[in-house]
Amino acid sequence: MIDEPYFVLVVLGVLGTGLVAGVFCAFSTFVMRGLAALPPAQGVAAMNAINVSAVRPPFMAVFAGSAALSVVIAVVTFVLWPDEGTVELLVGSVLYLFGAFGLTMVANVPRNDALLELDPATAEATAYWPAYVREWTMWNHVRAIASGAAALAYILALT
C-alpha cells in the first residue's frame, strides 16, 4: 500500500482524472449527438457557448489541476520509486498528460478556435459543422478513454 501523504495525491489523481473522464464521456455519448441533431447554425452557436464556458475556473481547476497532479505523481514516483504501484502510477500519469491534456491542446482546442471564428449563420459554418462534429468527437472518445484509463491505473496502484 502506498504511504501517506502520497496516498492522498493518488486518491486526488483518481478523482480528478475520473471526473474529467466523466465529462468527456458525457460529451461523446450524448452532448455532441444532441448538438449534431440541431440545425448547423444552432449547433455551432451552442458549441461555441459551451467552449467559452469550459475555460472558466470550475472545469479548468479539475482539468488542469489533474494535469498538474499527474506531473507531481510522476515526479514523486521517480524520486521515491515505491515498491508497489510504480508502473501503474507512471502509466496513469502518461495517459492523462498525453492522452487527455496534451490531446486536448493539439486536437480539440484548435478545432474549437476555428469554430469560434465562424459566424454561425454563414454557409462556411454550415459546411464546417459536420466535419467539426465528427473529428472533435473522435478525438474526444480518445480523451475519454485515456482519462478513464488513467483513473483505473491510479486505482490499481492503490491496491
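Values in this document were obtained by computation on a predicted structure and should not be read as measured data.

### Things to note about the overall build of the chain
Thinking step 1. Secondary structure assignment for the chain yields five helices and zero strands.
Thinking step 2. Listing every helix and strand of the chain by position from the N terminus yields α-α-α-α-α.
Thinking step 3. Burial analysis of the chain (159 residues in total) assigns 40% to the buried set.
Thinking step 4. Summarising the internal contacts of the chain: among those between residues at least 6 apart in sequence, 80% fall at separations of at least 24.
Thinking step 5. Summed over all atoms, the accessible surface of the chain reaches about 8100 Å², with 75% contributed by carbon and sulfur.
Thinking step 6. Distance between charge centroids for the chain: 15 Å, based on 5 positive and 10 negative side chains.

### Here we look at the packing of helix H4 (residues 86-116) against helix H5 (residues 123-158)
Thinking step 1. Between H4 and H5, whose axes approach to 8 Å, the crossing angle comes to 165°. If you check the angle between H4 and H5, you find them roughly antiparallel. Crossing hand, H4 versus H5: left-handed.
Thinking step 2. Residues of the contact of H4 with H5, tallied by class, amount to 22 nonpolar, eight polar and four charged.

### Considerations on the environment of Leu156
Thinking step 1. Within the fold, Leu156 resides in helix H5.
Thinking step 2. Between the C-alpha atom of Leu156 and that of Phe59, which follows or precedes it by 97 residues, the distance is 26 Å.

### Focus on the environment of Asp3
Thinking step 1. Residue placement: Asp3 occurs in the segment before helix H1 (6-37).
Thinking step 2. Accessibility expressed as a relative area gives 58% for Asp3, which makes it exposed.
Thinking step 3. C-alpha of Asp3 to C-alpha of Leu158: the two residues are 155 residues apart in sequence and 9.7 Å apart in space.

### Structural notes on the nonpolar core
Thinking step 1. In terms of nonpolar packing, the biggest core is built from 12 residues, these being Phe27, Met32, Leu35, Val44, Met47, Leu115, Leu118, Ala125, Trp129, Tyr132, Val133 and Trp136.
Thinking step 2. Those elements that provide at least two residues to this core are H1, helix H2 (40-54) and H5.
Thinking step 3. With five residues, H5 is the largest single contributor of residues to this core.
Thinking step 4. Contacts of Ala125, omitting those with residues within four sequence positions, involve Val44, Leu118, Asp119 and Pro120.
Thinking step 5. Ile2, Tyr6, Val14 and Leu89 belong to the second largest nonpolar core, which has 10 residues in total.

### Description of the environment of Gly99
Thinking step 1. Within the fold, Gly99 resides in helix H4.
Thinking step 2. Separated by 46 residues in the primary sequence, Gly99 and Ile145 place their C-alpha atoms 8.3 Å from one another.
Thinking step 3. Filtering out sequence-adjacent residues up to four positions away, Gly99 remains in contact with Val94, Val142, Arg143 and Ala146.

### A short note on the packing of aromatic side chains
Thinking step 1. Under the defined criterion, the tally for this structure stands at nine aromatic pairs.
Thinking step 2. Taking the centre distance of 5.9 Å and the plane angle of 55° together, the rings of Tyr128 and Tyr132 count as tilted. Of this pair, Tyr128 and Tyr132 both sit in helix H5, four residues apart, which is roughly one turn of that helix.
Thinking step 3. A relative accessible area of 23% means that Tyr128 is categorised as partly exposed.

Definitions and cut-offs
Residues numbered from 1 in each chain as written. Predicted model: local features only at pLDDT ≥ 70, side-chain atom pairs only at ≥ 80, totals over all residues. Heavy atoms only, no water. Helix = DSSP H or I, 4+ residues; strand = E, 2+ residues; numbered from the N terminus. Buried < 20%, exposed > 50% of the residue type's maximum accessible area, 1.4 Å probe, protein only. Contact = heavy atoms within 4.5 Å. Areas by Shrake-Rupley, 256 points an atom, 1.4 Å probe, with all protein chains shown as cover. Lys, Arg positive; Asp, Glu negative; His and termini not counted. Charge placed at Lys NZ, Arg CZ, Asp CG, Glu CD. Axes fitted to C-alpha atoms, helices over the stretch in contact; angles between N-to-C directions. Parallel < 35°, antiparallel > 145°, perpendicular 65-115°, else oblique. Left-handed = near helix turned anticlockwise from the far one by under 90°. Nonpolar A, V, L, I, M, F, W, Y, C, P; charged D, E, K, R; others polar. Core = buried A, V, L, I, M, F, W, Y, C linked by side-chain atoms within 4.5 Å. Phe/Tyr/Trp six-rings, centres within 6.5 Å; stacked < 30°, edge-to-face > 60°.

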